[in-house]
Amino acid sequence: MSLVDWVSEPVNWVFSAIALAVLFSGFRVVTSQNLVHAALFLVGTLGGTAALFLMLSAEFVAWVLVLVYIGAVVVLFLFGIMITRAPTGLDVGLDADERLVPAILSAAVFVMLAWASVDAFGLREIATTGTATSTEVIGESLLGRFVVPFEVVSFVLLAALIGGITIARRDLTPVEEQERLSV
Amino acid sequence: MLLNQFLILAAALFAFGVYGLLVRRNIVLILLSVELMLNAVNINLVAFESVLATSQAVGQVFAIFVITVAAAEVGIGLAIVLLIFRNRKSANVDELSLMRW
């Protein structure tokens, strides 16, 4: 498959547009000098990823990503940001002074991963059948072959819930404890 | 569509996550970078699933597990950040030198 063939497929135009949006917002997540903007750029990355999942006929995972990540995780991040700092202007000193070594390291990680995947899969194509993976298949898989990991993960969520409350709860001072008991 | 166009995009996102993890000083931004890396892994899993087309959608199920664990991680992580901020009045990792020798 030559480059001309690749460009002539309309599905690849869609992919290129989404990929550019995902890469741009991903880049801004790690470079933005405003905490709130960084969290909001993560929404762009995740939304683009959900669109890619739709292109890969993974409908259920795409909507799970939108619901759980954009709906819950990003909101949680915004809560965390709002609580841990008062003004919402430009934040100075969000990055460490040493940036060259991390940049070289991450470029090396990218080159290594990209080289490995090109070396292993070359021009292997994804068949676009146009039929989405039905939620029924995923549900049967979750409650059939993967039922034990599924239960373990639900226990992890419960533990995280209780742990989060226990960690973040402010302990009452002895005076407040007395006041609470006397009411 | 080639498989590699998805894999290389995921590799680039993962590299951004690595960069953010190493460069950022604020704990919340470090957690954001971890989310980027987990997201790159999800892209890989779903792309491999659509190539292999397993009968039980194994790749997508694993992506769902990754999303679930990431949600739990964010919840606990932000609770810890909140506690650190309450005690130290700062959310920067280089100022948390209490246990540094």
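1. With respect to the overall build of chain A
Next, step 1: For chain A, the count of helices and strands is 8 helices and 0 strands.
Next, step 2: In sequence order, the secondary structure elements of chain A are arranged as α-α-α-α-α-α-α-α.
Next, step 3: Against the globule reference of 16 Å for 183 residues, chain A gives a C-alpha radius of gyration of 23 Å, more extended than a compact globule.
Next, step 4: Principal axes of the C-alpha set define a box for chain A whose edges measure 80 × 50 × 25 Å.
Next, step 5: The proportion of buried residues among the 183 residues of chain A is 24%.
Next, step 6: For chain A, the share of sequence-separated contacts (at least 6 apart) that also reach a separation of at least 24 residues comes to 57%.

2. Side note on the packing of helix α5 (residues 100-121) of chain A against helix α1 (residues 3-23) of chain B
Next, step 1: Contact geometry for α5(A) and α1(B): axes closest at 8 Å, N-to-C directions at 160 degrees. Between α5(A) and α1(B), the interaxial angle falls into the category roughly antiparallel. Taken as a pair, α5(A) and α1(B) cross one another with a handedness that is right-handed. Contacts between α5(A) and α1(B) involve Pro102(A), Ala103(A), Leu105(A), Ser106(A), Ala107(A), Val109(A), Phe110(A), Leu113(A), Ala114(A), Ser117(A), Val118(A) and Phe121(A) from the first element and Leu3(B), Asn4(B), Leu7(B), Ile8(B), Ala11(B), Ala12(B), Phe14(B), Ala15(B), Val18(B), Tyr19(B), Leu22(B) and Val23(B) from the second.
Next, step 2: Within the contact of α5(A) with α1(B), the residues separate by chemical class into 21 nonpolar, 3 polar and no charged.

3. Re the nonpolar core
Next, step 1: Core analysis: the largest hydrophobic core is formed by 70 residues, its most contacted members being Phe53(A), Val61(A), Ala10(B), Leu13(B), Val28(B), Leu32(B) and Val46(B).
Next, step 2: Residue assignment for this core shows that the elements contributing at least two residues are α2 (10-31), α3 (35-55) and α4 (59-84) of chain A together with α1, α2 (27-52) and α3 (58-88) of chain B.
Next, step 3: Top element by residues in this core is α1(B). It accounts for 15 residues.
Next, step 4: Residues contacting Leu13(B), with those up to four places away along its chain left out, are Val22(A), Gly26(A), Leu36(B), Asn39(B) and Ala40(B).

4. Notes on α2(B)
Next, step 1: Taking 1.5 Å per residue, 26 residues should reach 38 Å; α2(B) reaches 38 Å between its end C-alpha atoms and fits that length.
Next, step 2: Two residues or fewer after α2(B) comes Ala53(B), characterised by a positive phi angle close to 50 degrees.

5. A word on the domain arrangement of chain A
Next, step 1: On domain assignment, one finds that chain A holds domain 1 (1-88) and domain 2 (134-183).
Next, step 2: The C-alpha centroid of domain 2 of chain A is placed 27 Å from the C-alpha centroid of domain 1 of chain A.

6. A look at the packing of α2(B) against α3(B)
All names here are of chain B.
Next, step 1: Between α2 and α3, the least distance of the axes is 8 Å, while the angle of their chain directions is 175 degrees. When the axes of α2 and α3 are compared, the pair comes out roughly antiparallel. Two secondary-structure elements touch here, α2 through Ile 27, Val 28, Leu 31, Glu 35, Leu 38, Val 41, Asn 42, Leu 45, Val 46, Phe 48, Glu 49 and Leu 52 and α3 through Val 58, Gly 59, Gln 60, Phe 62, Ala 63, Val 66, Ile 67, Ala 70, Val 74, Gly 77 and Val 81.

7. Some remarks on the interface of chain A and chain B
Next, step 1: With 74 residues of chain A at the contact, the number on the chain B side is 60 residues.
Next, step 2: Elements with a contribution of two residues or more to the side of chain A that touches chain B: α2, α3, α4, α5, α6 (135-143) and α7 (147-168) of chain A.
Next, step 3: By residue number, the principal contributor to the side of chain A that touches chain B is α4(A), which donates 14 residues.
Next, step 4: Each residue belonging to the side of chain A that touches chain B can be placed in one class, and the counts come to 54 nonpolar, 15 polar and 5 charged.

8. A closer look at the environment of Phe41(A)
Residue and element names in this part refer to chain A.
Next, step 1: Tracing the chain through its elements places Phe 41 in helix α3.
Next, step 2: Taking the C-beta count within 10 Å as the criterion, Phe 41 has 22 such neighbours and is therefore assigned buried.
Next, step 3: For the pair formed by Phe 41 and Val 22, sequence separation is 19 residues and the distance between their alpha carbons is 9.2 Å.
Next, step 4: Setting aside residues no more than four positions away along its own chain, Phe 41 makes contact with Ser 25, Arg 28, Val 29 and Ser 32.

9. Notes on the confidence of the model for chain B
As a note on interpretation, predicted positions should not be read in detail where pLDDT is low.
Residue and element names in this part refer to chain B.
Next, step 1: Mean pLDDT over chain B works out to 89, with 99% of the residues at or above the 70 mark.
Next, step 2: Mean pLDDT across the elements of chain B ranges from a minimum in α3, with 91, to a maximum in α1, with 94.
Next, step 3: For this predicted complex, the interface score ipTM comes out at 0.90, alongside a pTM of 0.89.

10. Some words on unusual backbone geometry
Residues and elements named next belong to chain B.
Next, step 1: Not every positive phi belongs to a glycine, and Ala 53 is a case in point at roughly 50 degrees.
Next, step 2: The topology assignment puts Ala 53 in the loop between α2 and α3.
Next, step 3: On the neighbour-count criterion, Ala 53 (13 C-beta atoms within 10 Å) is partly exposed.
Next, step 4: Unusually for a residue other than glycine, Ala 57 sits at a positive phi of about 55 degrees.
Next, step 5: Position of Ala 57 among the secondary structure elements: in the loop between α2 and α3.

What counts and what doesn't
Residues numbered from 1 in each chain as written. Chains lettered and ligands numbered in written order. Predicted model: local features only at pLDDT ≥ 70, side-chain atom pairs only at ≥ 80, totals over all residues. Helix = DSSP H or I, 4+ residues; strand = E, 2+ residues; numbered from the N terminus. Rg over C-alpha atoms; globule rule 2.2 N^0.38 Å. Buried ≥ 20, exposed ≤ 12 C-beta atoms within 10 Å, placed from the backbone. Contact = placed C-beta atoms within 7 Å. Axes fitted to C-alpha atoms, helices over the stretch in contact; angles between N-to-C directions. Parallel < 35°, antiparallel > 145°, perpendicular 65-115°, else oblique. Left-handed = near helix turned anticlockwise from the far one by under 90°. Nonpolar A, V, L, I, M, F, W, Y, C, P; charged D, E, K, R; others polar. Core = buried A, V, L, I, M, F, W, Y, C linked by C-beta atoms within 7 Å. Expected span 1.5 Å × (residues − 1). Domains from an automatic or database assignment. pLDDT = per-residue confidence, 0-100.

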